[in-house]
Structures are given as C-alpha cells and as structure tokens.
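Survey of secondary and tertiary structure
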Amino acid sequence: MSHNPEPWYSTTLNLWQVAGVLVASWTLTKTLTEGWRRTVGRRRYVTTRLRKITPGVRHDYVESLLDKPRWQSTLHATRLAPDEQPEGADDGEREVELTVRTWLLSRLCYLVTWCEDDVVVMYGITTTSWWFRPWIRVNATRIRLGKSTFATLPDDSTVIHRAWLGNRRYGYFEEHYFGNVGGYRSWYVGVNDFGSNAFAVSADWFDLSDIRHTVLLPEPRAAYRGSVPINTVVVSSVALFEEVQEGTFFGLSLGVDQDLVRLADPEYHVLDSRIGRIHRRVRAWRWALKHRRWERRQQGRDRGGRGL
C-alpha cells in the first residue's frame, strides 16, 4: 500500500476551470449590462448621467460620463461691459469664443453644452421621445420634460419670453431667474422645433409694437402657456454676455439646433437600406398626424376666438 496516494483532483485543471468560469461570468455580465443599457434600461442610464452635469464642471468630466460628442462648433459672444469701464479699454477684450458640443443620447434626447475654456457655462436638454420625460427641478418647482406645460411655472413681470415663427423654423422660451435662492442660475424653458410635442405659435399672436417681433400678446400667450408642453430646458450659471441679455444668444433654437443635427436622421442617409425606408415612412406618417392635430387645434382656437 502506497503511503502517498495520487490525489483524486488536479490543481492545474481546477484553476483553469475557475478561470474559465470567471471569464464566462464577466462576459455574460457585460453583455447583459450593455443590453440593458440599450433597451429597457436606457432611459434610467441616460437620466442617471444627466443628473451629474451642472454649470461649472469641466468638459472632460462630461465626456467621461457620455463619451465624445457627435457635433462640435464655436460661438462668439461678448461679455457685458462693467459699470465703470476705464477709458481707452478695448471692446475686443470682451469677445469670448464658446465651444458648443452636442450629444445624441440613445435616441431619447439631445444634450448641448456651451463651454468657455473647457468649463461648462450652460447646458441644455431637449427630449425627442415620448418615452423620455425626466423630472427637472426649476428652483422649487418640479416639471416633467415633454409633459408639463408652461403654466406650471410662475408668470410675473420678471419672466422674459421670446417667440419666433418662420417658414420652417419656430420656437418659444421663457427665462426664469430667482437670484440667490436659485444659486444665481437662470432657467430657460421652451419649445424646440426638433423636440417632442413641439407646437408653433400663430402669426397673429405677436405684439406688433415690439420692433423685433418676438413678444406675444398677453391673451394668446396665456393660452399657449396653458396648453403646450415644455420639451427643452437650458440651465445657466452667471453668464454675463450681451447676447444673453438681448435674447439673441440661442438664435432660432433653444437647445439643440435642428439645422445642425437633422442630417443624421435616416431620411438623409446617402446609403439606402430597407430599415431606412421604413424609418422614413414612419416619420412621414407621424409628421402628417401631428400636422392634422395642429390644424384641428388651430381651427378650434379660431372658432373660440370668434365666439368671444
């Protein structure tokens, strides 16, 4: 009888088996996590990362959360002149170049950041899907993007609003500022023509006494605020730029610029495919349905106005 019998197990074999199990478990976990992020969990995944963004953070931090942006451009702005500007001061020293970066997040929303020296000065979120309706806190008021109307927010003499209506582009936004209570931040809430549930103002709602034709009459504006949902919000720190004060900083788009990002849609793809044709047909059907609803709404308002 042998005093040192051979062991019934092999140490080398067991180590390889454990390593194989660990690699398989890691691969399966990564696959399931990635699948969850791209399907049922993508809304929660995007919302969790957007909550970590705030004015004043570095652009590198935003990239660590959302990877690299899809679009990038520059914007020139002018700082506000101090109350007591020294004689001989050069106005060119107040010129600032801002970097505008745009992300498309899981086909749910667009994120836009305005950065000065790679520091986020302001950022904006535009929802493009009925499935993505995050809760956003505007100082002490909670709104749901894509569902809450402007009437949810207070409307007084301190609220500044702008509206525009062209042959193809339209939009509306309000500026809300709460001073020290709101951390000296400004909230710009509005309707982006590329966002979800976007509705345009009517041409006869503008106050003709305004030279720039961006101010709405009180009664149509009150009706618009009570019925149209907010699909875009831009949060700004102390952005002391002349264009912000004048209301021309955002141009024709509060948040994402439609003319910049629309070429990424399937209907503009050069290489055609079957799924691309399906996307175009669905988009055309949705646009026609939305337009018919908008026409019925306008006809109802016209009849109501004549009845008054």
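Residues numbered from 1 in each chain as written. Predicted model: local features only at pLDDT ≥ 70, side-chain atom pairs only at ≥ 80, totals over all residues. Heavy atoms only, no water.

**Re the sheet that holds strand β2 (residues 95-105)**
Strand order in the open sheet formed by eight strands is β1-β2-β3-β4-β10-β9-β8-β7, with antiparallel pairing between adjacent strands. The sheet is open, and its two borders are formed by β1 (71-78) and β7 (160-165), each paired with just one other strand. Put simply, the sheet's adjacent strands are angled 20 degrees from each other on average, direction ignored. Strand direction decides the pairing type here: strand β8 (residues 170-177) and strand β9 (residues 186-192), joined by seven bridges, are antiparallel. Along β9, the bridge assignment pairs G171 with N192. (Pairing = 2+ DSSP bridges. Helix = DSSP H or I, 4+ residues; strand = E, 2+ residues; numbered from the N terminus. Axes fitted to C-alpha atoms, helices over the stretch in contact; angles between N-to-C directions.)

**Structural notes on unusual backbone geometry**
For D67, which is not a glycine, the phi torsion comes out positive at approximately 70 degrees. Relative to the helices and strands, D67 resides in the loop between α3 (59-66) and β1. Even without glycine at this site, S106 takes up a positive phi of about 55 degrees. Mapped onto the elements, S106 comes out in the loop between β2 and β3 (109-116).

**Re the side chain of E174**
Mapping E174 onto the fold places it in strand β8. Here Y172 takes part through its side chain, which lies 2.6 Å from a polar atom of the side chain of E174. In this view, E174 contacts F150, V159, I160, H161, W187, Y188, V189, R221 and R225; residues no more than four positions away in its chain are not counted. (Polar contact = N/O pair within 3.5 Å; in protein donor to acceptor, adjacent residues only side chain to side chain. Contact = heavy atoms within 4.5 Å.)

**Digging into the layout of surface pockets**
In this model, the largest pocket occupies a volume close to 1,800 Å³. For the lining of the largest pocket, the element with the highest residue contribution is helix α7 (residues 274-307), accounting for 14 residues. Among the residues making up the lining of the largest pocket, the classes are represented as 19 nonpolar, eleven polar and 13 charged. The space that makes up the second largest pocket amounts to roughly 520 Å³. Along its surface, the second largest pocket is lined by 18 residues, and Y45, L66, L104, L105 and S106 are the ones closest to its centre. With four residues, the top contributor of residues to the lining of the second largest pocket is helix α2 (residues 42-50). A breakdown of the residues in the lining of the second largest pocket according to their chemical character gives eight nonpolar, one polar and nine charged. (1 Å grid on protein atoms, 1.4 Å probe; cavity = no way out; pocket = protein on both sides within 12 Å on 5 of 7 lines; lining within 4 Å. Points joined across faces, edges and corners; volume = space filled by probe spheres on them. Nonpolar A, V, L, I, M, F, W, Y, C, P; charged D, E, K, R; others polar.)

**Things to note about the pairing of β3**
Every other side chain in a regular strand lies on the same face of the sheet, so the side chains alternate between the two faces. Judged by how many residues are buried, β3 sits mostly within the fold: eight of eight residues are covered. What you see with β3 is no split at all: C109, L111, T113 and C115 on one side and Y110, V112, W114 and E116 on the other are buried throughout. Pairing of β2 with β3, which is carried by seven bridges, proceeds in the antiparallel orientation. Bridged to W103 within β3 is L111. (Buried < 20%, exposed > 50% of the residue type's maximum accessible area, 1.4 Å probe, protein only.)

**Quick notes on the pattern of salt bridges**
Under the definition given, this model contains 15 salt bridges. Ionic pairing is found between E242 and R94, a salt bridge with its closest N-O pair at 2.9 Å. Within this pair, whereas E242 is found in helix α5 (residues 242-246), its partner R94 is found in the loop between β1 and β2, the two being separated by 148 residues in sequence. On the basis of relative accessibility, which here comes to 14%, the residue R94 falls in the buried class. Here D259 makes a salt bridge to R168, at a shortest N to O gap of 2.8 Å. Of this pair, D259 sits in helix α6 (residues 258-261) while R168 is found in the loop between β7 and β8, placing the two residues 91 residues apart along the sequence. Look at D259 and you get partly exposed, because its relative accessible area is 36%. Salt bridges sharing partners connect three or more residues here, namely R168, R169, D193, D257 and D259. (Salt bridge = Lys/Arg side-chain N within 4 Å of Asp/Glu carboxyl O.)

**Considering a nonpolar patch on the surface**
Taken together, the side chains of L80, Y177, Y184, V238 and L240 present a nonpolar region at the surface, about 480 Å² in accessible area. A residue is classified by how much of its surface remains accessible, and Y184, at 43% relative accessible area, is partly exposed. (Patch = residues over 30% accessible without salt bridge, like charges linked within 9 Å, V, L, I, M, F, W, Y side chains within 5 Å. Areas by Shrake-Rupley, 256 points an atom, 1.4 Å probe, with all protein chains shown as cover.)

**As for α2**
When we look at burial in α2, the residues that qualify are V46, T47, R49 and L50. Taken end-on, α2 shows its buried residues confined to a sector of 165 degrees, consistent with a single buried face. (Arc of directions from axis to C-beta.)

**Examining the nonpolar core**
Formed by 41 residues in total, the largest nonpolar core has its most connected members in L50 and L111. Setting aside chain neighbours within four positions, we find L50 in contact with L105, C109, L111, I125 and F132. Of all hydrophobic cores here, the second largest spans 23 residues; its members include V112, W114, F173 and V256. (Core = buried A, V, L, I, M, F, W, Y, C linked by side-chain atoms within 4.5 Å.)

**Concerning the environment of W114**
Its place among the elements puts W114 in strand β3. Since its relative accessible area comes to 5%, W114 is described here as buried. Between the C-alpha atoms of W114 and T99, which are 15 residues apart in sequence, the distance is 5.7 Å.

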